Amino acid sequence: MPRNTSINSVLIIGSGPIVIGQACEFDYSGSQAALSLKEEGIEVSIINSNPATIMTDNVIADHVYLLPLTCESIEQILQEQQIDAVLPTMGGQTALNLCIEASERGLWEKYNVQVIGVDVAAIEKTENREEFRKLMVDIGIGVAKSQIANSFLEGKEAAQQIGFPLVIRPSYTLGGTGGGFVHKKEEFEAALSRGLQASPTHEVLVEQAVLGWKEFELELLRDNADNVIIICTIENFDPMGVHTGDSITVAPGMTLSDRCYQEMRNQAIKMMRAIGNFAGGCNVQFSVNPENEDIIAIEINPRVSRSSALASKATGYPIAKIASKLAIGYNLDEIQNQITKTTSAYFEPTLDYVIVKVPRWNFAKFKGANRELGLQMKSVGEVMAIGRTFIEALQKACQSLETGRHGLGADGKQLRNLEEIMHSLEHPSSDRLFHIKDAFELGVPLESIRKATNIDKWFLTQIQELVTLETELRRYQLNNIPKDFFITLKQKGYSDTQIAWLLGNVSEDDVYNRRRELGIRRVYKMVDTCAAEFPAHTPYYYSTFEEENESVASDKKKIIVLGSGPNRIGQGIEFDYSCVHGLLAAKQAGYESIMVNCNPETVSTDFNMADKLYFEPVYWEHVREIIELEKPEGVIVQLGGQTALKMAELLESNGIKIIGTSFQNMDLAEDRGRFSDLLKSLDIPYPKYGVAESAEEALEVAKKVGYPVLVRPSYVLGGERMSIVINDDELETAVVKLLRNLPGNRVLIDHFLDRAEEAESDSICDGEDVHIIGMMEHIEPAGIHSGDSSAVLPPFSLSENVKRKMEEYTIKLAKALNVCGLLNIQFAIKDEKVYVIEANPRASRTVPFIAKAYDVPYVNIATKVMLGANKLKDFTIERKLKGYAIKEPIFSFDKFPDVDKQLGPEMKSTGEAIRFIKDLDDPFFREMYAKKSMYLSK
Amino acid sequence: MTNYSKLPAILLLEDGTVYHGKAAGKIGTTTGEICFNTGTTGYQEIFTDPSYHGQIMVTTNAHIGNYGIADDESESDQIQIAGLVCKNYSVNYSRQLADSSIQTYFEKGNLVGISDIDTRSLVRHIRNKGAMNAIISSELLDVAELKKRLDSVPSMAGLELSSVVTAKEPYYYGDEHAPLRLAILDLGIKRNILRNFDARKVYAKVFPAKTTFAEMEAWGADGYFVSNGPGDPAAMDYALETVKAILASDKPLFGICLGHQLLALAHGIRTVKMFNGHRGINHPVKNIIENRCEITSQNHGFGVVAEDVEKSDKVEITHVNLNDQSIEGIRVKGKKAFSVQYHPESSPGPHDSRYLFDEFVQLMESSKPVLVS
């Protein structure tokens, strides 16, 4: 069936602020959906309260509504726009829920809007566990044994029937509250009472726990003619028991026979057909008993998901883009394969490489949190790596994580305590993967590791092989490693740094130079959906060590944009927003734009965004080889957050041009001592400070600068490990702890301006002129991390004099730091005096917010300025904001019930929302402002 | 055993291209036509598919051998491919239902292979240069000597291979009390075809390739099936005669792959050796009669000439390939005969096309003379 011509205007619902479990994958799907519909001549409206998204940009949609995700907002849009259909499957559970609520309120009917991409009536069947179970039984699909219990007695009976281990799932609680695994009979009664109490309806589901079974996910697409295809099969490295969002996952399936896989495929198709008649995407999760290959269904999600973003990047098949076309009536056989452009979109992608996804956790930010992984997702981001072997992809993923590791072990950070290792294997947390390797190194037998982890033996043997290789490598010195063996090591994903560590007494550069002498270099292969069966044209590459290189460097002038890696607290979607705009601006300025990033959730790793995408770790060794191949004019590091910025020094020392502000000036802004000297010479006030390398020194500094003081390590992200202390005792404790955790680091001690106001400015400087993008005033007083503060654009209570000072200092600093591009400055204001707390010569978290609020493409302008393609005076900038825009931080504390929710200098929020208000009488603002005095009284 | 400690091996193509890799399977030398399969599951089914007889198989999946070998998942009694070329050869496996490792299986089955090859570049090469012969050796590492041996290998075009892989004697499959009887012409049949008929209550007698129609008819079947198999269909006059005779008998007839090509040849439609065959488990096919799509399992290096089919007044097109518009299925006008180029029995591959077995069984049922008592 060709496109449904009655649909000319579509509303896409976004997923709102980033929270754990719902991250920028929905910006990717929303953006793809919008572009896919626009391609068909459809007018696209978007609602999302998250300003740091690409999908809410004018380049993506025709009408952008940065409004709270409520029925009231929906009705407002329906009144203002002639909407024919709503597509609620691109914005996660948030969007689906809003769609259902609007449907229950009769909004769609009232405005004659068709719901496309999902069958609303069937959603209940996928959400309610008992309904789901019944449906599965009806269609003959296996499910875990389970029973509903409404009383203590019923619960005990159920447990007797089902046996241990089992899971208790209280009904109608959010995010699995009150539920959990029960391994032994003795634990059951307490767990049952807890579950019954947690449920508002005093009801729990007692379910057989298939702990240790293998876990798989399938991504499906279905069209109106009921044709179904499987886009990707994802195998979980971590077996059942760890939430799939917290599991290391692999594609394609590594340990599945065709017989078992086809059975799973049949069941998935059957399940999708059972949840209503709709055209779109769907995700199905299965569990397989490794003993007899019995399959049971775990859940089905009738929408695009985090896994479908991963599957799109893993296969090259853009699920959201195609799902949108199906939602407006096309059938799969009427659409072209987006990569080959010659074959059909009705086919199942096949891979000739392996992808590994590893989640990124941020437990350090959630003190007191239970770090054990289980039913509830706890990771804040993820990385994906591509290799020609599983182990190569796995080691590349470890290099992508930015957790200070250089691969899977072999970097001096191994754990040596057997007891701790074994405990970690049995109680999965963020570093279990590394501890598996550590266990092998200590000689723990494979079978013991398998028993402790239930991880499939095949995966474990791959890791075990590394230990053998390392033993062999230790027999050599750098200059006598046989070439063949050297290649094997690189094919197994070892970084030059790991090899250097294993050899001892040589540096990363020594290893790098030696392998260059031997001619061992990376080649780049294309992700083409079809294992090279057909020629493909999409410039989407990954590296490996083999014979043929498919990535041919063009002779155009090029710019490389370094991405921001995995999402984490303090560095999230905002930086991806800036990277995407950097790419687009570089293209407009006549460059071939090249993206390097490893985060599968993002828009920047959409292979349609850059002219060329390298899906590679933002890790020096990988970056340097891409640069060698491509020979770009320069590299943009100021858009990708700390990840990219960290690379500046190495780029500089290797003679590679940094676009915009120079490394020396960025370093000047980071170096507390030199920066303070600069402020002094510019006559700009700053809080008294000092640097200490021991507790004794710290006490002396504190005496000089005066309590309260802010204590922190130098070079931090999102206020990591920062604290405010008020006396010697507290200071001593804080410093000792810091130095223990970060040995060799220096501690910065600033006088803390108590009860001060905080504000910040973002600006662009072209070397001659400085343009202030915007100034924001924080509602909370100083002491709360800027990322966790509610902030108002423009300032609402600062005096004219203060604002003038802020402007003056911004311009002075931009010029003194020779900024070329973006600059963010944090201010503290006390008694009408303006202090500069810090200056960051890069895109900040607030730039996307201001760009949205004022409706000005600031990152585009900044990129053209840093490229030297334009001067500020070339642009006419017209701000469109009426009233104020409030940035509201959003937290994911519900995932960590035990965590201290008090805010402080360390950032804890995972996302943000934008709220426009006409004036300061707005009730939302009044309420926020009222909370401020609460902080002040603390 | 780490990669590094494995023995060296060489792959030489007819056009002189050399790849260096590591020995996999038995140490030795082997020759055949090189082709590639893009499936990510089902290597064991591929190795044992008689249609692959005499071919050197390049598997594009990054790892091969991970889930071992399970004795009851073979498509015939022995390994049929002539050699294996892969990237990562896994002698370790984890599957609890497996019976042996791929290495043990290859050693027992005398299969020579080569691993640690840049299979992606190899596939790109074959894709551009077309099908050709190749030699693998893990005992002879002298390229000139290998070239000499390779020169003596015949081209697949014009090669008749069914008589090599077919049953030596007729045999039965299924329940002898089943309501329907099917006579099968075995040109290299995959076992899963038999399993599919058995599951639909069909009792089959499998006849060697060179059986005449008269011998088959004597058994008294409700329908005939012409199987898949290796080699060039144009070199199989004997089978063509049998197919023509079946058609003349007016009994239901179903052909798969080689069987499809023979049904086409029987109606004056030419077959041709393809530049690159279709081999994989993700090939899109559209049933244009019912306007429905299916993901199919394919394995063929020859195909029917599309323009002949289009011009033919005797057959009509039922299925087309959505990637290259090639003919995937035909039925004979006014007859109870149809065939498909792909493998509805899959194994390996998706089960989307199993309905064809249902349709054929229904056709047999409805054509069965009603007994009047």
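These figures come from a predicted structure and were not determined experimentally.

**Points about the overall build of chain A**
Scanning chain A from terminus to terminus reveals 31 helices and 33 strands. When the backbone C-alpha atoms are referred to their principal axes, chain A occupies close to 75 × 75 × 65 Å. By residue count, 58% of the 938 residues in chain A fall in the buried class.

**A closer look at the overall build of chain B**
Helix and strand counts for chain B stand at 11 helices and 19 strands. A compact globule built from 373 residues should have a C-alpha radius of gyration of about 21 Å, and chain B, at 21 Å, falls within 12% of that. Here the contacts in chain B between residues at least 6 apart in sequence split such that 75% fall between residues at least 24 apart.

**Re the interface of chain A and chain B**
Each partner contributes to the interface: chain A provides 50 residues, whereas chain B provides 45 residues. Residue assignment for the side of chain A that touches chain B shows that the elements contributing at least two residues are helix H9 (258-274), helix H16 (457-473) and helix H17 (483-491) of chain A. Split by residue class, the side of chain A that touches chain B holds 20 nonpolar, 12 polar and 18 charged.

**Quick word on the sheet that holds strand S31 (residues 833-840) of chain A**
Residues and elements named next belong to chain A. With antiparallel pairing, the 7 strands of this open sheet are ordered in space as S31-S30-S27-S28-S29-S32-S33. The two strands at the open ends of the sheet, each matched to only one other strand, are S31 and strand S33 (911-917). The sheet shows a mean angle of 25 degrees between the axes of neighbouring strands, direction not considered. Where strand S32 (residues 884-890) and S33 come together, 7 bridges link them in antiparallel fashion. Residue pairing across strands places Ala 885 opposite Phe 916, the latter belonging to S33.

**Some words on the packing of helix H1 (residues 25-38) of chain A against helix H11 (residues 319-327) of chain A**
Helix-helix packing is described using two parameters, namely the angle between the two axes and the distance between the axes. Residue and element names in this part refer to chain A. Running from amino to carboxyl end, H1 crosses H11 at an angle of 45 degrees, the nearest separation of the two axes being 8 Å. Classified by the angle between their axes, H1 and H11 sit oblique to one another. You can see that H1 and H11 cross each other, and the crossing is right-handed. Judged by residue contacts, Tyr 28, Ser 29, Gln 32, Ala 33, Ser 36 and Leu 37 of H1 engage Ala 320, Lys 321, Ser 324 and Lys 325 from H11. Its residues assigned to classes, the contact of H1 with H11 comprises 4 nonpolar, 4 polar and 2 charged.

**Section: the nonpolar core**
One recurring pattern in soluble globular proteins: nonpolar side chains tend to sit buried together. The biggest cluster of nonpolar side chains holds 399 residues, and the ones touching the most others in it are Ile 355, Val 356, Leu 562 and Val 711 of chain A together with Val 85 of chain B. Looking at which element gives the most residues to this core, the answer is helix H20 (residues 573-588) of chain A, with 9 residues. Excluding its chain neighbours within four sequence positions, the residues that come into contact with Leu 562 of chain A are Val 596, Val 618, Val 623, Val 635, Ile 636, Val 637, Gly 640, Ala 644 and Met 647 of chain A.

**Considerations on the domain arrangement of chain B**
Residue and element names in this part refer to chain B. Split by domain assignment, chain B resolves into domain 1 (7-151) and domain 2 (162-367). Between the C-alpha centres of domain 1 and domain 2 there is a distance of 28 Å. Contacts between domain 1 and domain 2 engage 23 residues on the former and 23 residues on the latter. When residues of the side of domain 1 that touches domain 2 are traced back to their parent elements, those giving at least two are strand S3 (29-37), helix H1 (43-47) and helix H3 (119-129). At 3 residues, the largest contribution of residues to the side of domain 1 that touches domain 2 is made by S3. Split by residue class, the side of domain 1 that touches domain 2 holds 7 nonpolar, 12 polar and 4 charged.

**Things to note about the pairing of strand S21 (residues 612-615) of chain A**
Where a strand is regular, its side chains alternate between the two sheet faces. Residue and element names in this part refer to chain A. In S21, alternate side chains face the same way, and those of Lys 612 and Tyr 614 on one face and Leu 613 and Phe 615 on the other are all buried. With 2 bridges connecting them, strand S18 (residues 540-544) and S21 associate as parallel partners. When the sheet's bridge partners are listed, Tyr 541 is paired in S21 with Tyr 614.

**Things to note about the pairing of strand S26 (residues 747-751) of chain A**
All names here are of chain A. Burial analysis of S26 places 5 of its 5 residues in the buried class, the great majority of the element. Side chains Val 747, Ile 749 and His 751 of S26 all project onto a buried face; the interleaved residues Leu 748 and Asp 750 project onto the opposite face, where all are buried too. When strand S23 (residues 689-692) meets S26, the two strands line up antiparallel, connected through 4 bridges. The residue bridging Gly 690 from the neighbouring strand is Ile 749, located in S26. Here 5 bridges tie strand S24 (residues 709-713) to S26, and the two strands are oriented antiparallel to one another. Counterpart to Val 709 in the pairing with S26 is His 751.

**Here's the deal with the sheet that holds strand S4 (residues 85-87) of chain A**
All names here are of chain A. Here we have 5 strands laid out as an open sheet, ordered S3-S2-S1-S4-S5, and parallel in their pairing. The outermost strands of the open sheet, each flanked by one partner alone, are strand S3 (63-65) and strand S5 (114-115). With 3 bridges joining them, strand S2 (residues 43-47) and S3 adopt parallel strand pairing. Looking at the pairing, Ile 46 lines up with Val 64 of S3.

**Some thoughts on unusual backbone geometry**
Residues and elements named next belong to chain A. Residue Pro 165 follows Phe 164 across a cis peptide bond; omega there is -5 degrees. Position of Pro 165 among the secondary structure elements: in the loop between helix H7 (152-162) and strand S7 (166-170). The omega angle of the peptide bond from Ala 251 to Pro 252 is -5 degrees, so this bond is cis rather than trans. Here Pro 252 is to be found in the loop between strand S12 (249-251) and H9. Its identity as a non-glycine residue notwithstanding, Asn 112 has a phi of 60 degrees, on the positive side. As for its placement among the helices and strands, Asn 112 is situated in the loop between helix H4 (107-110) and S5. On the basis of neighbour counts, which here come to 11 C-beta atoms within 10 Å, the residue Asn 112 falls in the exposed class. Phi is positive for Asp 855, close to 55 degrees, though the residue is something other than glycine.

**Side note on the packing of helix H15 (residues 446-453) of chain A against H16 of chain A**
Residues and elements named next belong to chain A. As a packed pair, H15 and H16 sit with axes 10 Å apart at the nearest point and diverge in direction by 130 degrees. Regarding the angle of H15 to H16, the classification is oblique. The element H15 and its partner H16 pack so that their crossing is right-handed. Here Leu 446, Ile 449 and Arg 450 of H15 come into contact with H16, specifically with Lys 457, Leu 460, Thr 461 and Gln 464. For the contact of H15 with H16, the residue count by class is 3 nonpolar, 2 polar and 2 charged.

Procedures and definitions
- Residues numbered from 1 in each chain as written.
- Chains lettered and ligands numbered in written order.
- Predicted model: local features only at pLDDT ≥ 70, side-chain atom pairs only at ≥ 80, totals over all residues.
- Helix = DSSP H or I, 4+ residues; strand = E, 2+ residues; numbered from the N terminus.
- Buried ≥ 20, exposed ≤ 12 C-beta atoms within 10 Å, placed from the backbone.
- Rg over C-alpha atoms; globule rule 2.2 N^0.38 Å.
- Contact = placed C-beta atoms within 7 Å.
- Nonpolar A, V, L, I, M, F, W, Y, C, P; charged D, E, K, R; others polar.
- Pairing = 2+ DSSP bridges.
- Axes fitted to C-alpha atoms, helices over the stretch in contact; angles between N-to-C directions.
- Parallel < 35°, antiparallel > 145°, perpendicular 65-115°, else oblique.
- Left-handed = near helix turned anticlockwise from the far one by under 90°.
- Core = buried A, V, L, I, M, F, W, Y, C linked by C-beta atoms within 7 Å.
- Domains from an automatic or database assignment.

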